[in-house]
Amino acid sequence: MRVVIRTQQASEAIVYPHAEGTFQKCDLFCVFFRDEDGSRKTHKYPVANLFRVENDYPESDHGERADD
């Protein structure tokens, strides 16, 4: 899954091209991914500082759409 995070303070987006998942824990938006060495990592961002979060999912993860 690809995740793009845009914060209110930064001019450049933060991109996770191979994120394994996202979740919210209290007031934090969290991105779960594996580092280049294979170790599992989570980056956490305060929800109040986010402008936009974009993510995509493979179609197969959600089955067929109702209008298909």
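Residues numbered from 1 in each chain as written. Predicted model: local features only at pLDDT ≥ 70, side-chain atom pairs only at ≥ 80, totals over all residues. Heavy atoms only, no water.

Visitor: Tell me what's going on with the sheet that holds strand S6 (residues 50–55), and back it up with residues and numbers.
Guide: Spatial strand order, S2-S1-S6: three strands in an open sheet with antiparallel pairing. Where the open sheet ends on each side, the last strands, each with one partner, are strand S2 (14–16) and S6. Neighbour-to-neighbour, the strand axes of the sheet open up by a mean angle of 10°, direction not taken into account. Looking at chain direction, strand S1 (residues 3–7) and S6 are connected through five bridges and run antiparallel. When the bridges of S6 are listed, Thr-7 appears paired with Leu-50. (Pairing = 2+ DSSP bridges. Helix = DSSP H or I, 4+ residues; strand = E, 2+ residues; numbered from the N terminus. Axes fitted to C-alpha atoms, helices over the stretch in contact; angles between N-to-C directions.)

Visitor: With reference to specific residues and values, describe unusual backbone geometry.
Guide: Although it is not a glycine, Cys-26 adopts a positive phi angle of roughly 55°. Following the sequence through the fold, Cys-26 ends up in the loop between strand S3 (21–25) and strand S4 (28–34).

Visitor: Lay out the sheet that holds S3 in plain terms, naming residues and giving numbers.
Guide: In a beta sheet, neighbouring strands are held together by backbone hydrogen bonds and run either parallel or antiparallel to one another. Pairing is antiparallel across the open sheet formed by three strands, whose spatial order is S3-S4-S5. Each end of this open sheet is capped by a strand with a single partner; those strands are S3 and strand S5 (40–46). The mean angle between the axes of side-by-side strands here comes to 25°, regardless of whether they run parallel or antiparallel.

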